[in-house]
Amino acid sequence: EAGVAQSPRYKIIEKRQSVAFWCNPISGHATLYWYQQILGQGPKLLIQFQNNGVVDDSQLPKDRFSAERLKGVDSTLKIQPAKLEDSAVYLCASTFSGSFTDTQYFGPGTRLTVL
Amino acid sequence: GDSVTQMEGPVTLSEEAFLTINCTYTATGYPSLFWYVQYPGEGLQLLLKATKADDKGSNKGFEATYRKETTSFHLEKGSVQVSDSAVYFCALAGAGSYQLTFGKGTKLSVIP
């Protein structure tokens, strides 16, 4: 079975530019997560979707970050405008049902460098 | 809020040495506990998990036991291999929560 797909794998932009990341979860997985992983730290949850609805976006910096999952399948995370501190790996994960015992399957991540 | 503390790295071991990576947590109720591994150039993968107190998770020779009394979930392996070189993350999902809270990760390097 295909895993979680993310693109691009790497992105370099200058501060104040905008950037978008794409994620396609495992087929049939209802729950999708976006995480931010800053170098030397563990991943931090940004937003969680259940189908096409937002379950939790309490840690998403909404003044500059936005995310959508319009058809309940793939998702896009956008940053506009980017700041230096947004340099990180952005991880997408999915689970079948979103139960707290479900295994989260992670994509390879997108490494963002903001200059 | 929930939090996970794991031992600082990096950890360097010789092949066939015994491995312990300490992990303690703070959470209300009875969280589920996980160890994830990130091999060089790859995404995070679930290594093992335990969903209730005294459960032992195991996979690929790694083990961890959910200790409610000490709020710990230490990762152990009896004999590490070079292929075990990776970053290991301890994580929890709070009771009834879908969300993972991760520790900072411990980088393990195994030398021949």
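Residues numbered from 1 in each chain as written. Chains lettered and ligands numbered in written order. Predicted model: local features only at pLDDT ≥ 70, side-chain atom pairs only at ≥ 80, totals over all residues. Heavy atoms only, no water.

**Some thoughts on unusual backbone geometry**
Quick note on the threshold: Helix numbers and strand numbers start at the N terminus; a helix is a DSSP run of H or I with at least 4 residues, a strand a run of E with at least 2. Here's how the labels work: a residue is buried when its accessible area is under 20% of the maximum for its type, exposed when over 50%, partly exposed in between, all with a 1.4 Å probe on protein chains only.
Between Gln 80 of chain A and the following residue, Pro 81 of chain A, the backbone shows a cis peptide bond with an omega angle of 0°. Note that Pro 81 of chain A resides in the loop between strand 8 (75-79) and strand 9 (88-95). The residue after Gly 9 of chain B, namely Pro 10 of chain B, is reached through a cis peptide bond having omega -5°. With respect to the element layout, Pro 10 of chain B can be found in the loop between strand 1 (3-6) and strand 2 (11-14). Positive phi outside glycine occurs at Thr 71 of chain B, with the angle close to 45°. Along the polypeptide, Thr 71 of chain B turns up in the loop between strand 8 (62-65) and strand 9 (75-77). What makes Thr 71 of chain B partly exposed here is its relative accessible area of 30%.

**A closer look at the sheet that holds strand 8 of chain B**
Residues and elements named next belong to chain B. Using the following cut-off: In this analysis, strands are considered paired if DSSP registers two or more bridges between them. Angles here are taken between N-to-C directions and fall from 0 to 180 degrees, while the axes themselves are lines fitted to C-alpha atoms, restricted in helices to the stretch in contact.
Taken together, the four strands give an open sheet; going across it, the order is 3-9-8-7, and neighbouring strands pair in antiparallel fashion. The strands lining the two open edges of the sheet, one partner per strand, are strand 3 (19-21) and strand 7 (56-59). On average, each strand axis in the sheet is tilted by 15° relative to the strand beside it, whichever way the strands run.

**With respect to the pattern of salt bridges**
Rule in force here: Only one rule defines a salt bridge in this text: a Lys or Arg side-chain nitrogen within 4 Å of an Asp or Glu carboxyl oxygen.
With the rule as written, the count across this model stands at five salt bridges over all chains. Of the charged contacts in the structure, one is a salt bridge between Arg 64 of chain A and Asp 86 of chain A, with a shortest N-O distance of 2.5 Å. Here Asp 86 of chain A lies in the loop between strand 8 and strand 9 and Arg 64 of chain A lies in the loop between strand 6 (53-56) and strand 7 (65-68), a separation of 22 residues in the sequence. One exposure class covers both Arg 64 of chain A and Asp 86 of chain A, and it is buried. For the salt bridge of Asp 84 of chain B with Lys 77 of chain B, the shortest nitrogen-to-oxygen distance reads 2.8 Å. Comparing Asp 84 of chain B with Lys 77 of chain B shows no difference in burial state: the two are buried.

**Quick notes on the sheet that holds strand 3 (residues 19-24) of chain A**
In sheet architecture, strand pairing relies on hydrogen bonds along the backbone and comes in two forms, parallel and antiparallel. Residues and elements named next belong to chain A. Taken together, four strands build an open sheet; the order of strands is 1-3-8-7 and the sheet is antiparallel. Edge strands, defined here as strands with exactly one partner in the open sheet, are strand 1 (5-7) and strand 7. Sheet twist, expressed as the average angle between the axes of neighbouring strands with direction ignored, equals 15°.

**Considering the packing of aromatic side chains**
The line we're drawing: Think of it this way: a Phe, Tyr or Trp ring, Trp meaning its six-membered ring, pairs with another when their centres are within 6.5 Å, and the plane angle makes it stacked under 30 degrees, edge-to-face over 60, tilted otherwise. Two conditions define a charge located above a ring, namely a distance within 6 Å from the ring centre to NZ of Lys or CZ of Arg, and an angle within 35 degrees of the ring normal.
Applying the stated rule across the entire model yields twelve aromatic pairs over all chains. Summarising the aromatic geometry, the rings of Tyr 35 of chain A and Phe 102 of chain B are spaced 5.8 Å apart at their centres and angled 85° between planes, so their arrangement reads as edge-to-face. Here the residue Tyr 35 of chain A occupies a position in strand 4 (residues 31-37), and Phe 102 of chain B occupies one in strand 11 (residues 100-102), the pair thus bridging two chains. Note on Tyr 35 of chain A: relative accessible area 0%, which makes it buried. Their ring planes at 80° and their centres at 5.5 Å tell us that Phe 106 of chain A and Tyr 36 of chain B sit as a pair that is edge-to-face. In this pair, Phe 106 of chain A sits in strand 10 (residues 105-106) while Tyr 36 of chain B sits in strand 5 (residues 32-38), so the two residues belong to two different chains. The pair Phe 106 of chain A / Tyr 36 of chain B is uniform in exposure class, with both members buried. The ring of Tyr 30 of chain B carries Lys 68 of chain B above its face, with NZ or CZ at 4.3 Å from the centroid.

**Topic: the state of the cysteines**
All names here are of chain A. Note the threshold: Here, a disulfide means two cysteine sulfur atoms that sit within 2.5 Å of each other.
Inspection of the entire model under this criterion finds two disulfides over all chains. A sulfur-sulfur separation of 1.9 Å characterises the disulfide bridge that pairs Cys 23 with Cys 92. As the torsion about the S-S bond is roughly -70°, the Cys 23-Cys 92 disulfide counts as left-handed. Residue Cys 23 is found in strand 3, and its partner Cys 92 is found in strand 9; the two are separated by 69 residues along the sequence. A relative accessible area of 0% means that Cys 23 is categorised as buried. Using a relative accessible area of 0% as the deciding quantity, one classes Cys 92 as buried.

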